[in-house]
Amino acid sequence: MVRASKIAEFLDKKLQGSDIEVERPCSIKNLQPKCITFAKKFSNDILESLVGNDQCLALVTKEYEGKINCAHIVSDNPRLDFAKTVSHFFQANREAGIAKTAILGENVQIGEGVSIGEYCVIGNNVSIGNGTIIRNHVVIYDNTVIGDGCLIRSNTVIGEEGFGFERDEDQVPIRLPHLGRVVIGNNVEIGALNTIARGTLDDTYIGDNVKTDDHVHIAHNVHVGKNTIITACSEISGSTCIGANSWLAPNCSIMNGISLGENVFVGLGAVVTKSLESNSVVFGNPAMKLR
């Protein structure tokens, strides 16, 4: 439980209305007593529900100011401030520790406050930074490096060899050895059922603050720049370079060996076959520039 004034102080914003006690978050469509909610845009329906409620704290845009009865905080980005508030005050953190069913290899370096869940397998010479949470049934292969404050969701596999073959004179596929690593930066979130392949010779690299959704595949030698978001079922082929602050929409495919600049937006189901300059927006199959 936390006072509304404490939340306003945390957000460095002004509280308007009563300094109520807040116990939990709730949706704007299901307002509850002593809850915190948000409205990311103005709506007469939302306005009506907030006018009739004096028991919740609402994070709202300036259009609501002076029109609602409940405790409220005006924000330029209510959804962002809601996320910060819930993460800080209302989200229970998993206790640090290693589950009894987890299996650790040799020379594993584990930072402070790390949590490793049930039936995880951690290979040799793996490094896991402070405060990182690894959920259940995760497999992390040898020599992988994971930074501080990361979250690896269940059933993800990191650091197995990538898919690389060369045919011999009889057209038999011969595996190309993969001797690189996976290196993951700080504050990275990897979704459930992801696969991230280690590099062939160089490393596969995931930059700071990257977030991946569930069912994402990142192939060998890929480089993902900081703050990039990769959504569900995206497939990134080998040796692709994705610039910082980019967004990959669900079910997109990125061809091997190409480069995407910074601030690139790849649309739903797009198939990207050519390199893209920074600030590009593409959709379709094959992907075409919208701007």
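Below: a short report on this structure. (Residues numbered from 1 in each chain as written. Predicted model: local features only at pLDDT ≥ 70, side-chain atom pairs only at ≥ 80, totals over all residues. Heavy atoms only, no water.)

### Quick word on the overall build of the protein
Alright, step 1. Along its length, the protein carries three helices and 37 strands.
Alright, step 2. With the C-alpha coordinates aligned to their principal axes, the bounding extent of the protein is approximately 80 × 50 × 25 Å.
Alright, step 3. Buried residues in the protein amount to 42% of all 291 residues.
Alright, step 4. Within the protein, contacts between residues at least 6 apart in sequence are counted, and of these 19% link residues at least 24 apart.
Alright, step 5. Of the roughly 15,100 Å² that the protein leaves accessible, carbon and sulfur atoms contribute 48%. (Helix = DSSP H or I, 4+ residues; strand = E, 2+ residues; numbered from the N terminus. Buried < 20%, exposed > 50% of the residue type's maximum accessible area, 1.4 Å probe, protein only. Contact = heavy atoms within 4.5 Å. Areas by Shrake-Rupley, 256 points an atom, 1.4 Å probe, with all protein chains shown as cover.)

### Points about helix α1 (residues 4-11)
Since one α-helical turn is 3.6 residues long, residues separated by three or four positions face the same way.
Alright, step 1. Within α1, the full set of buried residues consists of Ala4, Ile7, Ala8 and Leu11. All buried residues of α1 project into a common sector of 100° when viewed along the axis, lining one side. (Arc of directions from axis to C-beta.)

### Description of the environment of Ala192
Alright, step 1. You can see Ala192 is positioned in the loop between β22 (189-190) and β23 (195-196).
Alright, step 2. Residues contacting Ala192, with those up to four places away along its chain left out, are Arg153, Ser154, Thr156, Asp214 and His215.

### Focus on helix α2 (residues 44-51)
Alright, step 1. For α2, the complete set of buried residues consists of Ile46, Leu47 and Leu50. Buried residues along α2 cover an arc of 100° about the axis, so they all sit on one side. In α2, the exposed residues that point more than 90 degrees away from the buried face are Asn44, Asp45 and Glu48.
Alright, step 2. For α2, the secondary structure elements touched by its buried residues are β6 (57-60).

### Focus on the pairing of β6
Alright, step 1. Residue alternation in β6 divides its side chains into two sets, Leu57 and Leu59 and Ala58 and Val60, and both sets are buried.
Alright, step 2. Taken together, the three bridges between strand β5 (residues 35-38) and β6 define a ladder with parallel strand orientation. When the sheet's bridge partners are listed, Thr37 is paired in β6 with Ala58.
Alright, step 3. With α2 bridging β5 and the parallel β6, this β-α-β connection has right-handed handedness. (Pairing = 2+ DSSP bridges. Right-handed = clockwise from strand over helix to strand, strands pointing away.)

### Here we look at the sheet that holds strand β24 (residues 204-206)
Alright, step 1. Taken together, eight strands build an open sheet; the order of strands is β10-β13-β16-β21-β24-β27-β30-β33 and the sheet is parallel. The sheet terminates laterally at β10 (109-110) and β33 (259-260), the two strands that pair on one side only.
Alright, step 2. Sheet topology places β24 next to strand β27 (residues 223-224); two bridges connect them, and they run parallel. Within β27, the position partnered with Tyr205 by the bridge is His223.

### A closer look at the pattern of salt bridges
Alright, step 1. By the definition in use, this model includes eight salt bridges.
Alright, step 2. For the salt bridge of Glu21 with Arg3, the shortest nitrogen-to-oxygen distance reads 3.6 Å. In this pair, Glu21 sits in strand β3 (residues 21-22) while Arg3 sits in strand β1 (residues 2-3), placing the two residues 18 residues apart along the sequence.
Alright, step 3. By relative accessible area, Glu21 is classed as partly exposed at 28%.
Alright, step 4. With a closest N to O distance of 3.3 Å, Glu277 and Lys289 form a salt bridge. With Glu277 in the loop between β35 (271-272) and β36 (281-283) and Lys289 in strand β37 (residues 288-289), this pair connects stretches of sequence that are 12 residues apart.
Alright, step 5. For Glu277, a relative accessible area of 54% translates into the label exposed.
Alright, step 6. Connected through salt bridges with shared partners, the residues Arg3, Glu21, Glu23, Arg24 and Lys34 form a single ionic network. (Salt bridge = Lys/Arg side-chain N within 4 Å of Asp/Glu carboxyl O.)

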